[in-house]
Structure formats: structure tokens, C-alpha cells
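So the chains spell out like this:
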Amino acid sequence: MDKDMARILANGGTAASRELTRLYDILKEHLPEDTALRHGIASALAEVGLRVTQPAFDAWPELQEEFELRLDKYGVAT
């Protein structure tokens with residue numbers, strides 16, 4: 001995969017992960033008894049990381065470094 005495609009995948013995976021994390025946090029606060037749904041969201045988060053984001057970072061390790069630097073700088077994945 002070329003670097004542009006890797007960046008597209010990494011950005012998309014990061015955005016999907018942010019949204020899933022937001023949903024997880026909402027459920028944890030408002031439906032704490034629904035552990036099955038939270039586990040489903042956690043599984044989806046893991047799959048996005050494993051199947052979308054990580055392949056992009058494996059193809060272009062410097063891209064992962066770039067994302068990690070922004071995470072360190074801004075405190076959120078961008």
C-alpha cells in the first residue's frame with residue numbers, strides 16, 4: 001500500500017475509534033448494566049485497530065510515529 005492510502009486508513013481508523021470510544025463512555029455512564037453491549041463496542045474497537053489502523057502503521061512505521069507524536073502533543077488521537 002502506498003503512503004497516501006496508509007494515511008487514509010490510519011485517519012479513518014482513528015476517527016472510527018474515537019466515535020466508538022465516545023459510545024462506550026456514554027453507555028458506561030447511562031447503561032452500566034449492559035455489559036454485553038459495551039463488550040461489543042470494545043470488540044469493534046479492537047477490530048478497527050487490528051484490521052484497519054495497524055496494517056497502515058505496519059506498512060509505514062513513520063506514520064505511526066507521526067500519529068503518536070500528535071497524541072503526545074494534543075492528548076487525543078487526531
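Above this text sits the structure in question.
Residues numbered from 1 in each chain as written. Predicted model: local features only at pLDDT ≥ 70, side-chain atom pairs only at ≥ 80, totals over all residues. Heavy atoms only, no water.

### A short note on helix H3 (residues 61-74)
Taking 1.5 Å of rise per residue, 14 residues should cover 20 Å, and H3 covers 20 Å from first to last C-alpha, within 8% of that figure. Count one or two residues on from H3 and you reach Gly75, which has phi positive near 80°. (Helix = DSSP H or I, 4+ residues; strand = E, 2+ residues; numbered from the N terminus. Expected span 1.5 Å × (residues − 1).)

### A short note on the environment of Leu20
Of note, Leu20 is situated in helix H1 (residues 3-30). Residues Leu20 and Thr53, spaced 33 residues apart in sequence, show a C-alpha to C-alpha distance of 14 Å.

### Brief notes about the pattern of salt bridges
Applying the stated rule across the entire model yields five salt bridges. With a shortest N-O distance of 2.6 Å, Arg22 and Glu19 are connected by a salt bridge. Taken together, the residues span about one helical turn, with Arg22 and Glu19 both in helix H1 at a distance of three residues. Judged by its relative accessible area of 42%, Arg22 is partly exposed. For the salt bridge of Arg70 with Glu66, the shortest nitrogen-to-oxygen distance reads 3.0 Å. (Salt bridge = Lys/Arg side-chain N within 4 Å of Asp/Glu carboxyl O. Buried < 20%, exposed > 50% of the residue type's maximum accessible area, 1.4 Å probe, protein only.)

### Side note on the packing of helix H2 (residues 35-59) against H3
For the pair H2 and H3, interaxial distance at closest approach is 4 Å and the crossing angle is 115°. Counting all contacts with H2, which are made through Gln54, Phe57, Asp58 and Ala59, the residues of H3 involved are Pro61, Leu63, Gln64 and Phe67. When grouped by side-chain class, the residues that make up the contact of H2 with H3 number five nonpolar, two polar and one charged. (Axes fitted to C-alpha atoms, helices over the stretch in contact; angles between N-to-C directions. Contact = heavy atoms within 4.5 Å. Nonpolar A, V, L, I, M, F, W, Y, C, P; charged D, E, K, R; others polar.)

Structural measurements only, silent on function.
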